[in-house]
Amino acid sequence: MSLARRSLMDAAAARFGWRRAYGDTTQVDALLTEQTETAYTEAADHAALATAKNTDVLAVQPGVLDVRGRVLADVLYLEGVLTGARNRGLPPELIERLEDAVDHGHELTVLLADTVRTTAALHAAS
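### Looking at the environment of Arg19
- Within the element layout of this structure, Arg19 appears in the loop between helix H1 (3–15) and helix H2 (25–53).
- Using a relative accessible area of 70% as the deciding quantity, one classes Arg19 as exposed.
- With 48 residues separating them in the primary sequence, Arg19 and Val67 have C-alpha atoms 23 Å apart.

Here is the structure:
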């Protein structure tokens, strides 16, 4: 399926609050590759903008706070997915992967919060 057609189908599904599921690992791998390529393409733009914009420690803080908020919201969503998987008795391998993702996500939110605190502490010390 072409990217344009898949994107149109995904956009239509999202409008109704639906998400597509992929039952074939080849499709999943293609989607994961596409996500990765898109993220790395956009990352180059982010790096250039951040270099120009982040002139001191406080300039870094809002972006890190935004990322922490998005990560936290996504982790809490994943906790719900995990709870549903457990309640439905889905395979243990899936539950283990979800547990790992949730744990890692919570660790990431702690690291991001520490980073935000560091920006404030460094600013106060200067």
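Now that the structure has been shown, the text picks up again.
### Side note on the pattern of salt bridges
- Throughout the structure, instances matching the rule amount to 3 salt bridges.
- Its salt-bridge partner being Glu99, residue Arg86 comes within 2.7 Å of it at the nearest N-O pair. Linking Arg86 in helix H3 (residues 57–87) with Glu99 in helix H4 (residues 92–125), this pair joins segments that are 13 residues apart in sequence.
- We classify Arg86 as partly exposed; its relative accessible area is 45%.
- Here Glu99 falls in the partly exposed class, since its relative accessible area comes to 26%.
- For Asp100, the salt bridge is made with Arg97, and the minimal N-O distance between the two is 2.2 Å. Of this pair, Asp100 and Arg97 both sit in helix H4, 3 residues apart, which is roughly one turn of that helix.
- The exposure class of Asp100 is partly exposed, given its relative accessible area of 36%.

### Quick word on the nonpolar core
- Among the nonpolar cores identified, the biggest contains 10 residues, and these are Val64, Val71, Val75, Leu82, Ala85, Ile95, Leu98, Val102, Leu112 and Val116.
- When residues of this core are traced back to their parent elements, those giving at least two are H3 and H4.
- Leave out the neighbours within four places in its chain, and Val71 touches Gly105, Leu108, Thr109 and Leu112.

What counts and how
- Residues numbered from 1 in each chain as written.
- Predicted model: local features only at pLDDT ≥ 70, side-chain atom pairs only at ≥ 80, totals over all residues.
- Heavy atoms only, no water.
- Helix = DSSP H or I, 4+ residues; strand = E, 2+ residues; numbered from the N terminus.
- Buried < 20%, exposed > 50% of the residue type's maximum accessible area, 1.4 Å probe, protein only.
- Salt bridge = Lys/Arg side-chain N within 4 Å of Asp/Glu carboxyl O.
- Core = buried A, V, L, I, M, F, W, Y, C linked by side-chain atoms within 4.5 Å.
- Contact = heavy atoms within 4.5 Å.

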